[in-house]
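Close look at the chain arrangement
Take a look at the letters that make up each chain.
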Amino acid sequence: MENIEWGKLGFNYYKTAYNVRFHFADGKWGDMEVTDDEYMRMHISAACLHYGLELFEGLKAFRGEDGKVRLFRPDENAKRLRSSAERLCLPMPSIEMFVDACKELVRRNADFIPPYGTGASLYLRPMLIGSKACLGVKAVDEADFIIFCSPVGPYFKEGMKPIKAVIDREQDRSAPRGTGDVKVGGNYASSIFSGERAHRNGYSNVLFLDSAKHEFIEEFGAANFFGIRQGCYITPKSTSILPSITNKSLRQIALDLGLEVQERPVALEELDTFEEVGACGTAAVISPVGQLYDLDTQKVYDYGSEVGEYSRKMYDALQDIQYGRAKDKYNWTVEVEM
Ligand SMILES: *Cc1c(COP(=O)(O)O)cnc(C)c1O
């Protein structure tokens with residue numbers, strides 16, 4: 001076993017010992033297969049390769065201060081995977097099957113769970129694809145559910161630092177009645193172009209607006225949006241936003257910190273009124289946003305170069321639960337018996 005430099009890991013694929021797989025055919029899921037093979041053999045006419053019948057999840061396992069290994073809200077990922085599968089007419093793994101497979105994967109890759117204190121964690125990537133060979137566009141009754149994992153480094157290596165993002169109206173990530181509320185690969189395909197342009201110009205993220213009118217804030221490319229104003233945690237409500245589990249958890253933590261929580265349509269004009277703005281998701285928990293640049297109006301929204309008080313408090317509170325430093329009063333974590 002090589003020596004992994006945990007602190008130097010980024011968010012990249014890193015080969016681990018095993019991945020787990022299930023095949024769906026003849027109306028039922030087969031048994032779990034544990035393999036060290038990183039590849040899969042697939043028909044060139046598989047539906048996922050042509051019509052985007054692909055969906056995924058992302059969650060982490062943390063080695064805590066007490067040495068225990070915990071998954072964060074895997075049941076929520078299971079439920080969301082099921083809703084994505086339902087939307088793409090793919091077979092739905094049960095919640096139990098999902099959570100048990102995550103646990104087995106973590107156990108089998110014990111050597112790849114970063115030690116406590118490195119800031120690194122084990123990222124789990126469940127994916128579900130329609131693998132039936134077909135040519136016509138239709139629902140398929142053959143699928144593969146695979147979960148692999150990769151140790152990933154701390155998102156902010158030199159401590160939390162506000163990011164810069166752009167508002168881009170040229171491309172939308174999802175339509176009002178499209179697939180924005182489920183975690184499917186197609187949403188990412190449509191966000192690549194604007195993401196690349198943002199990166200070329202020195203911005204790390206894109207803030208998308210509602211695609212019907214471009215009047216309301218939706219979310220960042222792979223993270224939900226929140227703003228803090230006068231003791232209130234405000235996050236957009238829309239039919240085309242992915243329901244982030246981090247955001248859901250932060251709403252509870254915000255309440256616990258004495259903030260009021262509002263989940264409602266958030267007009268673009270409100271950007272001028274926020275004291276703090278952040279992007280939230282599993283990868284970073286919170287990425288504080290220091291600056292937002294509107295590509296069309298060239299307006300700059302400045303939230304300062306320091307991490308805001310509430311962003312910091314919420315981040316610490318969530319990480320304390322994930323790393324077993326604080327009481328998990330809502331039973332969000334699931335311990336993996338190693
Ligand atoms: C996965 C994802 C998020 C973050 O969700 P978490 O459950 O918090 O990781 C936010 N937005 C989009 C578009 C996503 O795909």
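For clarity, every value in this text was computed on a predicted model and none was experimentally measured.

1. Quick word on the site of the ligand
Around the ligand, a shell composed of 15 residues is seen, among which Lys-183, Tyr-188, Ser-244, Thr-246 and Thr-282 lie nearest. Between the ligand and Thr-246, the relevant distance is 2.6 Å, taken from an oxygen atom to a side-chain nitrogen or oxygen of the residue. Thr-282 places a side-chain nitrogen or oxygen 2.5 Å from an oxygen atom of the ligand. Here the ligand loses 97% of its free accessible area of 380 Å² to cover by the protein chains. Most atoms of the ligand, that is more than half of them, are within 2 Å of grid points of the largest pocket. When grouped by side-chain class, the residues that make up the shell around the ligand number five nonpolar, six polar and four charged.

2. Section: the pattern of salt bridges
Taken as a whole and judged by the stated rule, the model has 22 salt bridges. When the shortest N-O distance is used, the salt bridge between Lys-248 and Glu-76 registers 3.2 Å. Linking Lys-248 in helix 6 (residues 245–256) with Glu-76 in helix 2 (residues 74–87), this pair joins segments that are 172 residues apart in sequence. For Lys-248, a relative accessible area of 36% translates into the label partly exposed. Here Glu-170 makes a salt bridge to Arg-197, at a shortest N to O gap of 3.1 Å. Remark: Arg-197 occurs in helix 5 (residues 192–200) and Glu-170 occurs in the loop between strand 9 (163–167) and helix 4 (185–189); sequence separation between them is 27 residues. The exposed category is assigned to Glu-170, whose relative accessible area is 54%. Shared partners join several salt bridges into a network, and the residues in it are Arg-73, Glu-76, Lys-79 and Lys-248.

3. Concerning the domain arrangement of the protein chain
On domain assignment, one finds that the protein chain holds domain 1 (6–152) and domain 2 (163–322). Averaged C-alpha coordinates put domain 1 and domain 2 at centres separated by 26 Å. Across the contact, 19 residues belong to domain 1 and 20 residues belong to domain 2. Summed over both partners, the interface of domain 1 with domain 2 comes to about 1700 Å²; 61% of that surface belongs to carbon and sulfur atoms.

4. Quick notes on the packing of helix 2 against helix 3 (residues 95–108)
Two numbers describe how helix 2 lies on helix 3: the axes approach to 9 Å, and their chain directions differ by 130°. Of the possible angle classes, the one that applies to helix 2 and helix 3 is oblique. At the point where helix 2 passes helix 3, the crossing takes the right-handed sense. Counted together, Pro-74, Asp-75, Asn-77, Ala-78, Lys-79, Leu-81 and Arg-82 of helix 2 and Ile-95, Phe-98 and Val-99 of helix 3 form the full contact between these two elements. By residue class, the composition of the contact of helix 2 with helix 3 is six nonpolar, one polar and three charged.

Definitions and limits used
- Numbers given for residues are sequential positions, taken from 1 along each chain in its written order.
- Since the coordinates come from a predicted model, pLDDT governs what is reported: local features require at least 70, and pairs of side-chain atoms require 80 or more to be given and counted, while whole-chain, interface and lining totals use all residues.
- Just so you know, side-chain values use all the structure's heavy atoms and leave hydrogens and water out.
- Proximity is defined per residue: any heavy atom of the residue falling within 4 Å of a molecule or strand makes that residue near it.
- Polar contacts, as used here, are pairs of N or O atoms within 3.5 Å; protein pairs need one atom able to donate a hydrogen and one able to accept it. Residues neighboring in sequence count only if both atoms are side-chain atoms.
- Each accessible area value is a Shrake-Rupley result obtained with a 1.4 Å probe; residue values ignore everything except the protein chains displayed when judging cover.
- Cavity means a closed set of points on a 1 Å grid over the protein atoms alone, one where a 1.4 Å probe fits but cannot get out, pocket means an open set with protein on both sides within 12 Å along at least 5 of 7 lines, and lining means a residue has an atom within 4 Å of a point.
- If over half the atoms of a molecule are within 2 Å of the grid points of a cavity or pocket, the molecule is regarded as sitting in it.
- Under the grouping applied here, Gly and all other residues not named as nonpolar or charged are polar, the nonpolar ones being Ala, Val, Leu, Ile, Met, Phe, Trp, Tyr, Cys and Pro and the charged ones Asp, Glu, Lys and Arg.
- Every case where a carboxyl oxygen of Asp or Glu lies within 4 Å of a side-chain nitrogen of Lys or Arg is listed as a salt bridge.
- Under the scheme used here, helices are H or I runs from DSSP no shorter than 4 residues and strands are E runs no shorter than 2 residues, and both carry numbers assigned from the N terminus.
- Classification of residues uses two cut-offs on accessible area relative to the type maximum, computed with a 1.4 Å probe and protein chains only: under 20% is buried, over 50% is exposed, and between them is partly exposed.
- For the domains described, the bounds stem from an automatic or database domain assignment.
- Contacts between residues were defined by any pair of non-hydrogen atoms, one from each residue, lying within 4.5 Å.
- Take the accessible area each of two parts loses on contact, using a 1.4 Å probe, and add the two losses: that sum is the buried area.
- The angle between two axes is taken between their N-to-C directions and runs from 0 to 180 degrees, where each axis is a line fitted to C-alpha atoms and a helix contributes only its stretch in contact.
- Should an angle fall under 35 degrees it is called roughly parallel, over 145 degrees roughly antiparallel, and 65 to 115 degrees roughly perpendicular, with every other angle called oblique.
- Helix crossings are classified by the rotation of the near helix relative to the far one: an anticlockwise turn of less than a right angle makes the crossing left-handed, while a clockwise turn makes it right-handed.

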